[in-house]
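Spelled out, the chains give:
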Amino acid sequence: MARIIAGVTSSHVPAIGAAIDNHRTSEPYWQRVFEGFERSKEWMAQTKPDVIICVYNDHASAFSVEVIPTFALGCAAEFPPADEGWGPRPVPVVKGHPELASHIAQSVILDEFDLTIANKLEVDHGLTVPLNLVCGSPKEWPCPVIPLAVNVVMYPPPTGNRCWMLGRAIKKAVESYPEDLRVVIFGTGGMSHQISGQRAGLINSKFDHAFLDNLTKNPKKLTRISHLELMREAGAEGIEMVMWLIMRGALDDQVDEVYRFYTVPASNTAVGHIILENRKKVGKKPAAKLKRAAARKKVQRIRS
Ligand code: DHB
Ligand code: FE
């Protein structure tokens with residue numbers, strides 16, 4: 001049986017991608033941002049998921065404003081980087097997992113979520129920047145990635161509660177997939193930021209920290225935040241944080257927060273990042289069990 005073992009959230013600022021592509025990550029401004037993801041890269045290298053489901057938003061790159069699906073699941077075999085105005089980013093083509101993606105689409109649609117099936121999809125910074133932050137810049141991404149694009153660019157985006165419920169449906173879908181796959185789900189975007197208008201440059205660290213605290217311990221509270229409140233507190237583009245609730249809804253109620261990083265600013269945005277692990281580990285014995293097993297072995301050695 002496939003299982004979601006962990007969830008990762010990360011901001012997805014395009015200037016972070018430009019800093020990587022133009023080899024500027026060691027400049028003091030950027031070093032502060034990238035240092036915060038060193039531990040995450042180690043975590044990813046140790047965790048070695050079989051598949052990543054990446055919840056992100058397209059910024060009018062693949063979907064023009066003429067067609068805007070609320071939720072679109074990438075079921076293709078490959079997802080090339082999108083041209084966002086200065087040529088596609090020099091990052092590997094994202095390899096998909098059409099079998100698991102089709103299974104999720106079927107399960108979730110039969111559970112009454114009106115998901116759009118994307119058999120051709122170019123992915124923009126919303127997806128490639130978090131992959132870089134957590135996986136580094138390898139020649140090939142470490143595993144297949146299933147993109148889930150969510151509309152947060154044109155009103156009305158889905159509610160936080162709808163996102164949570166979709167996360168629940170994705171969890172159920174993954175757990176009914178027969179192959180033993182260890183899946184990590186990403187929720188990208190956020191945290192507080194506003195790119196245009198009178199409040200451009202808005203950042204609300206107090207709100208962001210409370211959001212991170214609740215994401216781990218009391219996520220249901222976050223599902224009750226209205227769009228208006230989210231945008232008032234976290235800026236117009238802070239609405240991206242509803243996507244984090246898909247990630248959190250796909251995890252167990254009880255999770256361990258294994259890492260958190262927050263820094264202000266990167267471009268216009270407060271960078272927030274968290275790694276949450278489900279307690280029931282797959283392919284790994286829980287630490288306490290391992291310790292007990294080691295102690296038993298020691299006792300046996302002493303006795304024999
Ligand atoms: C910025 C942040 C975003 O999330 C985005 O999609 C575009 C720009 C920024 O901070 O510049
Ligand atoms: Fe964005």
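See the structure shown above.
The rules behind these values
- Residues numbered from 1 in each chain as written.
- Chains lettered and ligands numbered in written order.
- Predicted model: local features only at pLDDT ≥ 70, side-chain atom pairs only at ≥ 80, totals over all residues.
- Heavy atoms only, no water.
- Phe/Tyr/Trp six-rings, centres within 6.5 Å; stacked < 30°, edge-to-face > 60°.
- Buried < 20%, exposed > 50% of the residue type's maximum accessible area, 1.4 Å probe, protein only.
- Lys NZ or Arg CZ within 6 Å of the ring centre and 35° of its normal.
- Near = heavy atom within 4 Å.
- Polar contact = N/O pair within 3.5 Å; in protein donor to acceptor, adjacent residues only side chain to side chain.
- Areas by Shrake-Rupley, 256 points an atom, 1.4 Å probe, with all protein chains shown as cover.
- Nonpolar A, V, L, I, M, F, W, Y, C, P; charged D, E, K, R; others polar.
- Donors = N, O, S within 2.8 Å, 3.2 Å for Na, K, Ca; no water.
- Helix = DSSP H or I, 4+ residues; strand = E, 2+ residues; numbered from the N terminus.
- Patch = residues over 30% accessible without salt bridge, like charges linked within 9 Å, V, L, I, M, F, W, Y side chains within 5 Å.
- Salt bridge = Lys/Arg side-chain N within 4 Å of Asp/Glu carboxyl O.
- Lys, Arg positive; Asp, Glu negative; His and termini not counted.
- Charge placed at Lys NZ, Arg CZ, Asp CG, Glu CD.

## Let's talk about the packing of aromatic side chains
Moving on, step 1. Scanning the entire structure with this criterion turns up five aromatic pairs.
Moving on, step 2. Note on tyrosine 29 and tryptophan 30: the rings are 4.9 Å apart at their centroids and 85 degrees apart in plane angle, and the pair reads as edge-to-face.
Moving on, step 3. On the basis of relative accessible area, tyrosine 29 is assigned to the partly exposed category, the value being 36%.
Moving on, step 4. Residue classification places tryptophan 30 among the buried positions, given a relative accessible area of 9%.
Moving on, step 5. Members of the aromatic cluster, joined through ring pairs, are Tyr29, Trp30 and Phe34.
Moving on, step 6. If you follow arginine 32 out to its NZ or CZ, it ends over the ring of tyrosine 29, 5.1 Å from the centre.

## Observations concerning the site of ligand 1
Moving on, step 1. Contacts to ligand 1 come from His12, Val13, Pro14, His59, His125, His193, Ile195, Glu240, Ala266, Ser267, Asn268 and Thr269.
Moving on, step 2. A distance of 3.0 Å separates an oxygen atom of ligand 1 from a polar side-chain atom of asparagine 268.
Moving on, step 3. Taken by itself ligand 1 offers 290 Å² of open surface, and the protein chains cover 89% of this.
Moving on, step 4. Looking at side-chain class alone, the shell around ligand 1 contains four nonpolar, seven polar and one charged residues.

## Topic: the coordination of the iron ion (ligand 2)
Moving on, step 1. Taken together, His12 (NE2), His59 (NE2) and Glu240 (OE) make up the protein donors of the iron ion (ligand 2), found 2.0 to 2.2 Å from the metal.
Moving on, step 2. The sequence pattern formed by the donor residues of the iron ion (ligand 2) is H-x46-H-x180-E. Remark: glutamate 240 occurs in the loop between helix H9 (227–234) and helix H10 (244–249) and histidine 59 occurs in the loop between strand S2 (51–56) and strand S3 (71–74); sequence separation between them is 181 residues.
Moving on, step 3. A residue is classified by how much of its surface remains accessible, and histidine 59, at 25% relative accessible area, is partly exposed.
Moving on, step 4. Of the residues examined, glutamate 240 reaches a relative accessible area of 4% and is grouped as buried.

## Thoughts on a negative patch on the surface
Moving on, step 1. Taken together, the side chains of Asp50, Glu99, Glu179 and Asp180 define an acidic patch exposed on the protein surface.
Moving on, step 2. Within the element layout of this structure, aspartate 180 appears in the loop between helix H6 (160–175) and strand S8 (182–188).

By themselves, these observations are geometric and do not establish any function.
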